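Observations on the model geometry
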Amino acid sequence: MSETAEAQVQDEAAVEPKEPLFSAKNKRLLSDPLNDDNPITIQVLGICSALAITVQVKQAFVMAVSVLFVMIGANLIVSWMRNLIPSRVRIIVQLVIVAALVILVDQVLKAFVYDVSKQLSVFVGLIITNCIIMGRLEAFALGNKAWPSFLDAIGNAAGYGWILIAVAVVREFFGSGKFWGIQVIPDAFYEMGYFNNGFMILPPMALVVVGIIIWIQRSKNTKLIEEN
Amino acid sequence: MSNAIHKFIENKVKPSFDEGGKLEKFYPAYDALETFLFVPPHTAKKGAHIRDGVDMKRTMIIVVLAMIPALLFGMWNTGHQHFLATGEAATLMEKFLFGLIKVLPLVVVSYGVGLGVEFIFAIIKKHQVNEGYLVSGMLIPLCLPVDIPLWMVAVATIFAVIIGKEVFGGTGMNILNVALTARAFLFFAYPTWMSGDKVWIAEGTSAANNFADGSTGATLLAQATERSSGFVDAAGVAYGDTFWASFMGWIPGSIGETSVFAILIGAAILLITGIGSWKIMLSGVIGAFTMGLIFNAFAVNEFMEVPAHMHLVMGGFAFGIVFMATDPVTASQTSTGKYIYGFLIGFLAIMIRVFNPAYPEGVMLAILFMNVMAPLIDHYVIQANIKRRQKRAVPVAA
């Protein structure tokens, strides 16, 4: 992946020497999805996976990395092919590209982190239908060159990933008293009568946690505060 | 006397809370306490929509008063169940005192934590402390099992007040009933403390060995789901006539919900003062009874054969329909809507109770579900009304 990206970088630089690689516009492609235009909390996309696989930090991390990979690959390929794809069949072409990448990810997960792959189960396959990926392909990669598409992919996948991991940290801490599978709430607490919160393990609580993140984000970020 | 106190507060205490005063920040807290004691001098500044002669604080106080019979009975019953389980003989006073010591901390924690959260939000958001919590604070302990740890009550109260109410804009803006949000939170978060046959009797785990014949410590609903056949007889052995026992309330259960009789006293207070909606209560009872009859007609298992009138006195149905379904904020606002809303609560409560053994207390889920649906019901009632009136109107000649 890094090689192709670098090749692309050189290519871009040769053709358009005027725009620096990290121009203000390109930087915003990276930073906007982290906060002002976050795919989960602002655009409310990809919620289903955010609810389903945020019980443990490990799962959420693997999911975030998988989405990052698929997203970069799909955005780059679609961006390169954008002038060859007839617009009538573009959705099918995009689907094929994403599906190929997802199968790749799935096989890698099965080979190297089998237990996590088991836990993620169907949700790896469901990356294909993740609204964020299709949305970015449609809205961005189809109309932009490879380098901005690459940055856009990283930005959005990171924006998705950090919410996922943040929710998972909260849920795993209160739901199982653990972080990354390691117990962090000392036994003394349990002996004193502390109990893990079973509600945190259920999907509705993920929705509440995402809601709380949206609440905090909106009250901190003045751009997002709506009039009335 | 009270005039002198009021004057003293007005002249000496108030200035430090007013704008520019030392404690300006805490004005909401001062305001809450002052209006708690004295009728506030404010008058409406714009055109007022008068609904009632009493202000909200006094409305809430009446609801709390209406819950007192259930609370007192709950205290007695806590002691009664405990001594029944241990097999000790005890006088009425001993039972009551035992229950008082068990129940009072729950009430104190619920009020302390809930009002604390309200005060913090009032100070941050610079609005007055709302009195809505006065009722929720009493409802929360009454709908819990007596042995629940206090910190769980505190966590649930914080969750319910913040997520159930404050995120939507505070009192009067909440979609879900706050007390039921707290109970649902506990039910899903700490299921071992909220269901089963060990939680309903104070210190039940240690006393479990001595249970009197036929008494299991389980609520009637749990017995109905688990043993299905003949639970009425089994309960009858332990408590006398089952219907009468669960009407009067000397059976295990959440603190305030066992005695339908005490709840009916509360219902009478709510209805006489016009604070609770009789439409919701009546249609709720009809809904539950209808569902019970339907089950009886198609009885394919023993739980479905439970007579319809038993459903009205078992579990938290009476408590929920009297004190929680009638919450004016979360219920339907339109008159027709109230009938539909109440009926569906009763109907769904019994349906969940019988069909899903994992959730014997269907009333909680039914009320929460209908809370969410209430605005939808109102919408269609209003739309239907508009259509009807449009039809009736003579079309202007074109």
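Keep in mind the model is a prediction, meaning the values are calculated, not measured.

**A look at the pattern of salt bridges**
- Under the criterion given, the structure shown has five salt bridges over all chains.
- Residue R136 of chain A is joined to D152 of chain A by a salt bridge in which the shortest nitrogen-to-oxygen separation is 3.0 Å. Residue R136 of chain A is found in helix 8 (residues 131-139), and its partner D152 of chain A is found in helix 9 (residues 146-176); the two are separated by 16 residues along the sequence. Residue R136 of chain A shares its accessibility class with D152 of chain A, and that shared class is buried.
- Ionic pairing is found between E118 of chain B and K165 of chain B, a salt bridge with its closest N-O pair at 2.6 Å. With a gap of 47 residues between them, E118 of chain B in helix 4 (residues 92-125) and K165 of chain B in helix 6 (residues 150-165) connect regions that are remote in the sequence.

**As for empty space enclosed by the protein**
Residue and element names in this part refer to chain B.
- With the rule as written, the count across this model stands at one cavity of 30 Å³ or more.
- Quantified by volume, the largest cavity comes out at close to 70 Å³.
- In terms of lining residues, the largest cavity is bounded by 14 residues, among which N77, T78, Q81, W200 and G253 are the most central.
- Per-class residue counts for the lining of the largest cavity are seven nonpolar, seven polar and no charged.

**Some words on a nonpolar patch on the surface**
Residue and element names in this part refer to chain A.
- Taken together, the side chains of F61, V65, F173, F174, F179, W180, I182 and V184 make up a nonpolar region of the molecular surface, amounting to roughly 700 Å² of accessible area.
- Secondary structure elements with two or more residues in the nonpolar patch: helix 4 (57-81) and helix 9.
- Within the element layout of this structure, W180 appears in the loop between strand 1 (178-179) and strand 2 (182-183).

**A look at the interface of chain A and chain B**
- Listed as interface residues are 12 residues of chain A and, on the opposing side, 12 residues of chain B.
- Between chain A and chain B, the buried area comes to about 960 Å², and carbon and sulfur atoms account for 78% of it.
- Taken as a group, F195, F199 and W215 of chain A account for 52% of the area that chain A buries against chain B, more than any other trio of residues on that side.
- Counting across the chain A and chain B interface gives zero salt bridges.
- Linking chain A with chain B are two residue pairs in polar contact (both at pLDDT 80 or more), by the criterion used here.

**Here we look at the packing of helix 11 (residues 203-220) of chain A against helix 6 of chain B**
- At their nearest, the axes of helix 11 of chain A and helix 6 of chain B sit 12 Å apart, and the two run at 65° to each other. The interaxial crossing formed by helix 11 of chain A with helix 6 of chain B has left-handed handedness. On helix 6 of chain B, the residues that touch M205, V208, I212 and W215 of chain A of helix 11 of chain A are F159, I162 and I163 of chain B.

**Things to note about the packing of helix 4 of chain A against helix 9 of chain A**
Residues and elements named next belong to chain A.
- Where helix 4 meets helix 9, the closest approach of the two axes is 8 Å, and the angle between their N-to-C directions is 165°. With respect to helix 9, the element helix 4 is oriented roughly antiparallel. As for the relative orientation of helix 4 and helix 9, their crossing is right-handed in sense.
- In the contact of helix 4 with helix 9, the residues fall into 21 nonpolar, five polar and two charged.

**Re helix 7 (residues 178-189) of chain B**
- Helix length check: helix 7 of chain B, at 12 residues, gives a terminal C-alpha distance of 16 Å against a target of 16 Å (1.5 Å per residue), a fit within 8%.
- Among the 12 residues that make up helix 7 of chain B, 11 are buried, leaving the element largely enclosed by the rest of the structure.
- Residues V178, A179, L180, T181, A182, R183, A184, F185, L186, F187 and A189 of chain B constitute the buried set of helix 7 of chain B.
- Elements in contact with the buried residues of helix 7 of chain B: helix 11 of chain A together with helix 5 (133-142), helix 6, helix 8 (191-194), helix 16 (317-324) and helix 18 (362-392) of chain B.
- The N-terminus of helix 7 of chain B is capped by N177 of chain B, whose side-chain oxygen sits 3.0 Å from the backbone nitrogen of A179 of chain B.

Thresholds applied
Residues numbered from 1 in each chain as written. Chains lettered and ligands numbered in written order. Predicted model: local features only at pLDDT ≥ 70, side-chain atom pairs only at ≥ 80, totals over all residues. Heavy atoms only, no water. Salt bridge = Lys/Arg side-chain N within 4 Å of Asp/Glu carboxyl O. Helix = DSSP H or I, 4+ residues; strand = E, 2+ residues; numbered from the N terminus. Buried < 20%, exposed > 50% of the residue type's maximum accessible area, 1.4 Å probe, protein only. 1 Å grid on protein atoms, 1.4 Å probe; cavity = no way out; pocket = protein on both sides within 12 Å on 5 of 7 lines; lining within 4 Å. Points joined across faces, edges and corners; volume = space filled by probe spheres on them. Nonpolar A, V, L, I, M, F, W, Y, C, P; charged D, E, K, R; others polar. Patch = residues over 30% accessible without salt bridge, like charges linked within 9 Å, V, L, I, M, F, W, Y side chains within 5 Å. Areas by Shrake-Rupley, 256 points an atom, 1.4 Å probe, with all protein chains shown as cover. Contact = heavy atoms within 4.5 Å. Buried area = accessible area lost by both parts, 1.4 Å probe. Polar contact = N/O pair within 3.5 Å; in protein donor to acceptor, adjacent residues only side chain to side chain. Axes fitted to C-alpha atoms, helices over the stretch in contact; angles between N-to-C directions. Left-handed = near helix turned anticlockwise from the far one by under 90°. Parallel < 35°, antiparallel > 145°, perpendicular 65-115°, else oblique. Expected span 1.5 Å × (residues − 1).

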